[in-house]
Amino acid sequence: MNFWQPKLETMKRSDLQDLQMRRLKDTVKRAYERVPFYHQKMKDLGLTPGDLAGIKDARPLPETRKGDLRDNYPFDLFAVPRDEVVRVHASSGTTGKPTVVGYTARDIDAWSDMVARDLVMVGCSREDVFQNAVNYGFFTGGLGIHYGIERMGAMAVPSGTGDTKRQIEIMIDFGVTALHCTPSYALYLAETVTEMGVAGDLSLKIGCFGAEPWSDGARMELEEMLNIKAYDSYGLSEMFGPGVAFECQEQDGLHIWEDHFLVEILDPEGEPCAPGERGELVLTSLTKEAMPLIRYHTGDVTYMMEDDCPCGRSSVRLHRFLGRADDMLVVRGINVFPSQIEDVLLKIPEIGDYFQVVVDRKRHALDDISIKVEVRDIAFTGELADLARLQKKVEGELKSVMKIRSKVELVEKGSLPRTQGKSKKIVDLREI
Ligand code: DLL
């Protein structure tokens, strides 16, 4: 069977909720006693751990945001003495200091088991040769996935990033059967495989892609080009890293491991969203020792799917992420997520896999949204009229989904930047 920790993965919901409340009380008590930031926040709310006796959810507890990690840079949110921290990771934002996270040996252990759960869930076994083509530095996707691969016993191939042709040679020579990287790099790898004409030499079966939003269109494209099943993987450094939520073989929502995290989806007013209703994912860590976080606002937008999953896992599923609340473009009052644009574009056969959205506002004018899209060779018939027709078609299809007009600029294949990590699909030139 495809379970790594069957008891925890299939636990009865009432037992799971009891376990969560026990762990929540313990986490909050430790944070109150050991982290001055939380001590003060709880004091401001008039709360002591004694008030938690009858607690049923996280709502009375203090909230945490990314800025709080920066304000406590680098180690002031740690809840254990420095000599118990065996590793740190960091993620760099666009401004200011990076945010730093720490792990005890038990944290690394719990995280490895969580990633092992994910990999076994999508069908990996000890027989697999697993290439991890992401950056092995401060980014949690490198060591985090690597430890999970070793934990479940497959052969880890820590290829890191860089030299795409060599990555593909390794894939062929080592008989790689499973691949982890960002979806944008996967598309670039797939494109290079096609150019090299070696798709038939690959032994790939499984692709795990995450660290940024991607669409079902991109999934279909990757599955076809690489002859794999492609799974969505979600995580964030603040909650260990990759492995927090992962698709099972149903490919219909991501199981979030509720024995490790208490899950809330909140609307912009901070009120809980009903299942099916979009909102911000807010997480409380239930097992993290070195750096527990309470009601952490992830900034990521999704919704809860409540129906039971045929795979037998009892944890709640999250719908694939639409994007970050702050990546959502509000153009002339309409909300647009880059993943929606991607979904439309990938359904048009003449259009390639790369696009870039540029939003601008001329003085006193309305916002302008223009989208550069790469055109596949098949679209170049030699007739300018054909290109003009294609441009109109793309504009029309985007308008029907986004409800606003955008200007489409067709560009040649290869002219938009390729990336080995997270891609930048939006350029916002508005001065707001
Ligand atoms: O990106 C951890 C990770 C590594 C996840 C490898 C999956 C695979 P950070 O660098 O801290 O950690 O970035 C976390 O990336 O808050 C989301 O905005 C975004 N993100 C991660 N996974 C997904 C996903 C890693 N599957 C931030 N879909 C998160 C959409 C994702 N967004």
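Residues numbered from 1 in each chain as written. Predicted model: local features only at pLDDT ≥ 70, side-chain atom pairs only at ≥ 80, totals over all residues. Heavy atoms only, no water.

A. Highlighting the overall build of the protein chain. When helices and strands are tallied, the protein chain shows eleven helices and 21 strands. Considering the protein chain as a whole, with its 432 residues, one finds that 53% of them fall into the buried category. Looking at the protein chain alone, contacts between residues at least 24 apart form 66% of all its contacts between residues at least 6 apart. For the protein chain, the distance from the average site of its 55 positive side-chain charges to the average site of its 69 negative ones is 3 Å. (Helix = DSSP H or I, 4+ residues; strand = E, 2+ residues; numbered from the N terminus. Buried < 20%, exposed > 50% of the residue type's maximum accessible area, 1.4 Å probe, protein only. Contact = heavy atoms within 4.5 Å. Lys, Arg positive; Asp, Glu negative; His and termini not counted. Charge placed at Lys NZ, Arg CZ, Asp CG, Glu CD.)

B. Helix 9 (residues 216–226), seen in detail. Among the residues of helix 9, Gly217, Ala218, Arg219, Glu221, Leu222 and Leu226 are the ones counted as buried. Structurally, helix 9 contributes buried residues whose contacts are with helix 8 (183–196), strand 6 (206–210), strand 7 (229–235), strand 8 (242–247), helix 10 (338–346) and strand 18 (351–361). Where helix 9 ends, the next residue or the one after it, Asn227, has phi of about 55 degrees, a positive value.

C. Representation of the side chain of Arg87 in the model. Mapped onto the fold, Arg87 is located in strand 1 (residues 87–91). Here His89 takes part through its side chain, which lies 3.1 Å from a polar atom of the side chain of Arg87. Dropping the residues within four chain positions of it, Arg87 is found in contact with Val101, Gly102, Tyr103, Ile108, Trp111, Leu143 and Tyr147. (Polar contact = N/O pair within 3.5 Å; in protein donor to acceptor, adjacent residues only side chain to side chain.)

D. Spatial organisation of the sheet that holds strand 20 (residues 407–412). Reading across the sheet, the four strands line up as 20-19-18-21 and stay open at both edges, with mixed pairing between neighbours. Lying at the two open borders of the sheet, with one neighbouring strand each, are strand 20 and strand 21 (426–428). For this sheet the average axis-to-axis angle between neighbouring strands, irrespective of direction, equals 20 degrees. Taken together, the three bridges between strand 18 and strand 21 define a ladder with parallel strand orientation. By the bridge assignment for strand 21, Val357 is matched with Ile426. (Pairing = 2+ DSSP bridges. Axes fitted to C-alpha atoms, helices over the stretch in contact; angles between N-to-C directions.)

E. Highlighting the site of the ligand. Residues in close proximity to the ligand total 20 residues, the closest being Asp232, Ser233, Ser237, Asp300 and Lys422. In this structure, Pro213 approaches the ligand through a main-chain N or O atom, which is 3.5 Å from a nitrogen atom. Within the side chain of Asp232, a nitrogen or oxygen atom sits 2.8 Å from a nitrogen atom of the ligand. For the ligand, the accessible surface in isolation is 610 Å², of which the surrounding protein chains cover 93%. Secondary structure elements with two or more residues in the shell around the ligand: helix 6 (140–152) and strand 7. Of the residues forming the shell around the ligand, the biggest block, four residues, is contributed by strand 7. Partitioned by chemical class, the residues of the shell around the ligand number seven nonpolar, seven polar and six charged. (Near = heavy atom within 4 Å. Areas by Shrake-Rupley, 256 points an atom, 1.4 Å probe, with all protein chains shown as cover. Nonpolar A, V, L, I, M, F, W, Y, C, P; charged D, E, K, R; others polar.)

F. Representation of the pairing of strand 7 within the structure. Of all seven residues in strand 7, five are buried; the element is thus mostly enclosed. Regarding topology, helix 9 serves as the crossover connection from strand 6 to the parallel strand 7, and that connection is right-handed. Strand direction decides the pairing type here: strand 7 and strand 8, joined by three bridges, are antiparallel. Within strand 8, the position partnered with Ser233 by the bridge is Phe246. Between strand 7 and strand 8, which follow one another and run antiparallel, lie six residues, and Phe240 among them has a positive phi close to 80 degrees. (Right-handed = clockwise from strand over helix to strand, strands pointing away.)

G. Focus on the environment of Gly235. Within the fold, Gly235 resides in strand 7. The partly exposed category is assigned to Gly235, whose relative accessible area is 26%. Through-space distance from the C-alpha of Gly235 to that of Ser370 is 31 Å; in sequence the pair is 135 residues apart. With sequence-adjacent residues up to four places away left out, Gly235 is seen in contact with Gly241, Pro242 and Val244.

H. Representation of the domain arrangement of the protein chain. Along its sequence, the protein chain is carved into domain 1 (1–325) and domain 2 (334–428). With centres defined by C-alpha atoms, the gap from domain 1 to domain 2 works out at 30 Å. With 27 residues of domain 1 at the interface, the matching set in domain 2 holds 16 residues. Of the roughly 1700 Å² buried between domain 1 and domain 2, counting both surfaces, carbon and sulfur atoms make up 49%. Counting the surface domain 1 buries against domain 2, the share from its top three residues, Glu191, Glu221 and Leu322, is 24%. Where domain 1 packs against domain 2, one counts three salt bridges. Residue Glu195 is joined to Lys413 by a salt bridge in which the shortest nitrogen-to-oxygen separation is 4.0 Å. Between domain 1 and domain 2 we count eleven residue pairs in polar contact (both at pLDDT 80 or more) in total. Classifying every residue of the side of domain 1 that touches domain 2 gives eleven nonpolar, eight polar and eight charged. (Domains from an automatic or database assignment. Buried area = accessible area lost by both parts, 1.4 Å probe. Salt bridge = Lys/Arg side-chain N within 4 Å of Asp/Glu carboxyl O.)

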